[in-house]
Amino acid sequence: MHSDSRFRRATHTGATLRCVPSGPLDAQRLVVLVTLLCCAACAREDKSEAGARWVRATYEPLAERPASTEREVARLTAGQFARTWRVARAGRVDEPLRWTDDERARLVLSGEGARLAELPVSLTAADLHRATLELDVPAGESEALRLAFRTKERTRAYTDVVTIEGVEGREHIELDLAQVRPLEGGFDAIIFETLGTATRLEIASLVFSKRRSIAFFPTAHDGPALIHLADEARLGVALDAQHPVALRCEAPRGARLELSYRVGPAAELGDAALVIEGLGSEVLRLPLGVAPRYEWRVFRRLVAEPVVGALRMTLEGGGEDTLACVADAGARVGAPLAAPPTVLLVTSDTHRGELLGLASSGLVRTPALDALARRGLVFTDAMSTSNATNPSHVALMTGLHPRDSRIVTNRDPVARRAVTLAERFSAAGWRTAATFSAFHLNDETSGLGQGFDRYEGPGAPTGLEFDAFAGAAASVRDGALTAERALAHIEDAEGAPLFLWVHVFDAHAPYLPQGEFDGRYQPAGSDPRVHGPGFAVAPHKVPGFLKGVVDPEYPWRQYRALVDYVDHVLTPLLEHPRVAAGIVGFTSDHGESFGERGIWWNHAGVHAATTHVPLVVAWPGAEAARVTVPVSQADLGFTLLLLAGLDPGDFGGRDLRWALEPVPETAPRFALGYHARSAAVDDGRWLLVMHLLEEQNDEDSHTWRPGEVELFDRRSDPRCDQDLVAQELPRARAMRARLIQWLTSGDSVGYKGEYHVKAAIDQALAELGYSSGGELDGSWYDPARGDVFLERYGSR
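Note that the structure is a prediction, hence the values are computed from the model and not measured.

A.B. asks: Sorry, what's going on with the overall build of the chain here?
C.D. replies: Counting secondary structure elements, the chain contains 17 helices and 42 strands. Per-residue burial over the chain gives 57% buried out of 796 residues. Sequence-distant contacts in the chain: of pairs separated by 6 or more residues, those separated by 24 or more amount to 76%. On the chain, roughly 32200 Å² of surface is accessible, and the fraction owed to carbon and sulfur atoms is 50%.

This is the structure we're talking about:
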């Protein structure tokens, strides 16, 4: 934070700010500026108090916690299925299956290498919640095993891989069937897949069991959590006929009570209804079996008389295992303003910093974003904290740099103990909603759903579809749909303060603009498959979406057209009256490389091409200014809280308006790359990149070894083409020492949550250009792993 508390008190109110160049201000003008800010702040605070607020409901159980009992649905013993097992020819088995002939029959898998065995079955997916194996691995040995579930020779789901450590006697292994139970239909085969590290594996029995459906949903006993229906999750709880719930919510006369509830097919929900008591003498009965598929519906009611005590919610009708889901419950209290407080955060994935129409010298045409920029601040030198989506977004949403969160991949969620931007707004009486376009921002793989009443976007691939693991294409969605969902969230938040996060993914590879945007920047008469010298990389490194293309400028042109498309899909959202009258932050998570440092069509490395991002902040009454002072994009969350009149508390960051001070107090900016393969420090002119793991560029022209550094003068060399370490060795030494000191002084514990990586997610991330592999553990920098800089230049 800036040390000048006088400026902080004047600027953190979110009031009208006269934007000024970053040059000096005379004392009289500064006094006038501060006075105007303070007066406007008082006016804004009075206005805020007169408006509506959102009061979230709390849930209380009215019965004992649901029992965790299970019932057996199928028991398959070796003696029963000895005649039906067969070897799956897709796998390698060096020895035929053997059966013991005593009363304790066992299926024995032995021989060298991986072993697969297939069992024909007839089982219904919805009945399979857990699998229990009784087996034996020789003492002192270990074996890796998983089950695959097939229908008509297509794999539909897997269990997680488990490692079995052999002990004396038999082992009992339990496998959760999270990928199995949501599927429709059944299976005609189950396959045992073993790695073959043990000399043999003996299987005695396989038992499938089923739990009550409520066991897989949050209940009032544990508190609300996100309940997923298709691609939308809402914060709530589940109840069944034996476990009613009390809903407590401050709802005075004139308040608007609201809640979401799940409806679905009559064939499954029958005559089930959610019954609500406590709204006066009226008893409400909301039928649940009224939709062709499971979806959310919203109940709203203006409160004629104050709600005293709690509303009682019960489930009536339906079958033995029927349940109801209630979410997003609360009340809008107070008179709604003509323009309720609105904060919109937009992140455009893979969007290079120079690609805003008003600052791009014609590279792109972005009229909607330009209009936004004309009512706020455009930061032309904003740096992201990472070159990857999740780490960068976690920094935005928590104020924690990837160094401290230790989130450096797209598959590790941030822990629940981290406090998010959404949680800050939620605690202040704002509704919160998020709509995203890339699967890896799903709460399962990012942890960013915390604090949101509604959190929706494509789910992580899990093999639930009939064609399991078909790829990443179905796990990202067009920005037009995301913007459409965002507008729906705005309408649903009628009259209440709203914090809304919108993420669009369209500028990402494979650079395939549609309709009028396809070929927008391609010269007339030029065919990219005919005219051009080819690419600077080996043919096997050209991605499939560029096969046959010989014009190296073609993907760059198509990428720019996609930036135009992003502007196009965001236009209705940015022009919505609530947004136009509200606070808006626009930025990106990272950029994209098109040949810089020999890196092509991806965002590897932490050079300027991948860390320079657009940043625009607009709010009511602000005057437009283009700010050239170097800033960090991660400070946007802190700034939005201040502009909304909220106290950020210990939320990390700095008010971006420090850059408007007469003499801005700049500070070094840092980035940590994907899998912690590289790190960077940037002082606003000089950029030093340090490689922490061995990497090779796409042109095969350079292999960076651990400890190797590069130094660039961004003022004279914005593309970072010329490495100046040898010419500027004292500067490189000093910046390297500063970067190492920063790397080694971070939070060693971090905020990485628990997540069991699925093969489908790794595969889909790879298709999007994110390679797998482990990141550095422990210290980010350790000279014992090797340091090329010390080898070349010594320790001084």
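A.B. asks: Just checking my understanding: could you explain the nonpolar core for this structure?
C.D. replies: A general trend in soluble globular proteins is that nonpolar side chains are found buried together. With 50 residues, the main nonpolar core has Phe379, Phe425, Tyr455, Phe499 and Trp501 as its most contacted residues. Going through the elements one at a time, strand E24 (342-348), strand E25 (376-379), helix H6 (389-398), helix H8 (421-427), strand E29 (498-504), strand E34 (615-618), strand E35 (625-627) and helix H14 (636-643) are the ones with two or more residues in this core. For this core, the leading source of residues is H14, giving six residues. Residue contacts for tryptophan 501: discarding those within four places in its chain leaves Leu345, Thr347, His393, Met397, Ala433, Ala434, Thr435, Leu441, Leu448, Phe452 and Tyr455. With 35 residues, the next largest nonpolar core counts Ala57, Tyr59, Leu288 and Ala331 among its residues.

A.B. asks: Looking at this structure, how should I read the sheet that holds strand E22 (residues 311-316)?
C.D. replies: Strands in a sheet are paired, the pairing made by backbone hydrogen bonds, and the direction either parallel or antiparallel. Within the open sheet, the five strands sit side by side as E2-E17-E22-E19-E20. Their pairing is antiparallel. Strands with a single pairing partner mark the edges of an open sheet, and in this sheet they are strand E2 (58-61) and strand E20 (282-287). For this sheet the average axis-to-axis angle between neighbouring strands, irrespective of direction, equals 25 degrees. Inspection of the sheet shows E2 paired to strand E17 (residues 245-248) by four bridges, in the antiparallel sense. Within E17, the position partnered with glutamate 60 by the bridge is alanine 246.

A.B. asks: Teacher, can you tell me more about the side chain of arginine 156 here?
C.D. replies: Mapped onto the secondary structure, arginine 156 falls in strand E10 (residues 154-158). Buried within the structure, arginine 156 lacks any salt-bridge partner; glutamate 184 is the closest side chain of opposite charge, at an N-O distance of 6.7 Å.

A.B. asks: Would you mind showing me how to read the pairing of E20 here?
C.D. replies: Regular strands show a simple pattern: their side chains alternate between the two faces of the sheet. Pairing of strand E19 (residues 273-279) with E20 involves six bridges; the strand directions are antiparallel. The residue of E20 that forms the bridge with leucine 274 is leucine 286. In sequence, E19 turns back onto E20 through a hairpin of two residues, with glycine 280 there showing a positive phi of about 70 degrees.

A.B. asks: Looking at this model, I keep getting lost on the environment of alanine 371. Mind explaining?
C.D. replies: Note on placement: alanine 371 falls in helix H5 (residues 367-373). Judged by relative accessible area, which is 40%, alanine 371 ranks as partly exposed. Note: C-alpha distance between alanine 371 and leucine 574 (203 residues apart in sequence) is 9.1 Å.

A.B. asks: I keep staring at H14 and nothing clicks. Help me out?
C.D. replies: Residues that lie three or four places apart on an α-helix share one face, since the helix turns once every 3.6 residues. Where burial is concerned, most of H14 is hidden: eight out of the eight residues are buried. Glycine 645 lies just past H14 and shows a positive phi near 80 degrees.

A.B. asks: Please clarify how the sheet that holds strand E36 (residues 631-632) should be interpreted in this entry.
C.D. replies: In space, the three strands of this open sheet follow the order E33-E26-E36, with mixed pairing throughout. Each of the sheet's edge strands pairs with one partner strand only, and the pair in question is strand E33 (612-613) and E36. Direction of pairing for strand E26 (residues 382-383) relative to E33: antiparallel, over a ladder of two bridges. Paired with alanine 382 across the two strands is valine 613, which belongs to E33.

A.B. asks: Just to check I follow, could you spell out the confidence of the model for the chain for this structure?
C.D. replies: Note that predicted coordinates carrying low pLDDT should not be read in detail. Counting all residues, the mean pLDDT for the chain is 86, and 85% of those residues have values of 70 or more. In this model, residues 1-49 is a region of pLDDT below 50 whose contacts with residues beyond four sequence positions or in other chains number 81 contacts. Low pLDDT, under 50, characterises residues 86-97; the predicted model gives this stretch 29 contacts beyond four residues in sequence or across chains.

A.B. asks: Looking at this structure, how should I read empty space enclosed by the protein?
C.D. replies: The gaps of empty space that remain are located by a probe, the size of a water molecule, rolled over the atoms. Enumeration according to the criterion identifies five cavities of 30 Å³ or more in this entry. Lining the largest cavity we find Asp381, Ala382, Met383, Ala608, Thr611, His612, Arg669, Asp682, Leu687 and Arg714. Listed by contribution, the elements that provide at least two residues to the lining of the largest cavity are E26 and helix H13 (608-611). Along the lines of polarity and charge, the residues of the lining of the largest cavity split into four nonpolar, two polar and four charged. Roughly 50 Å³ of internal volume is contained in the second largest cavity. Considering the residues around the second largest cavity, the lining is formed by Asp328, Arg431, Thr432, Ala433, Asp453, Arg454, His489, Asp492, Ala493 and Leu498. For the lining of the second largest cavity, the secondary-structure elements that each account for two or more residues are strand E27 (431-435) and helix H10 (479-492). Of all the elements, E27 adds the most residues to the lining of the second largest cavity, at three residues. A per-class count over the lining of the second largest cavity returns three nonpolar, two polar and five charged.

What counts as what
- Residues numbered from 1 in each chain as written.
- Predicted model: local features only at pLDDT ≥ 70, side-chain atom pairs only at ≥ 80, totals over all residues.
- Heavy atoms only, no water.
- Helix = DSSP H or I, 4+ residues; strand = E, 2+ residues; numbered from the N terminus.
- Buried < 20%, exposed > 50% of the residue type's maximum accessible area, 1.4 Å probe, protein only.
- Contact = heavy atoms within 4.5 Å.
- Areas by Shrake-Rupley, 256 points an atom, 1.4 Å probe, with all protein chains shown as cover.
- Core = buried A, V, L, I, M, F, W, Y, C linked by side-chain atoms within 4.5 Å.
- Pairing = 2+ DSSP bridges.
- Axes fitted to C-alpha atoms, helices over the stretch in contact; angles between N-to-C directions.
- Lys, Arg positive; Asp, Glu negative; His and termini not counted.
- Salt bridge = Lys/Arg side-chain N within 4 Å of Asp/Glu carboxyl O.
- pLDDT = per-residue confidence, 0-100.
- 1 Å grid on protein atoms, 1.4 Å probe; cavity = no way out; pocket = protein on both sides within 12 Å on 5 of 7 lines; lining within 4 Å.
- Points joined across faces, edges and corners; volume = space filled by probe spheres on them.
- Nonpolar A, V, L, I, M, F, W, Y, C, P; charged D, E, K, R; others polar.

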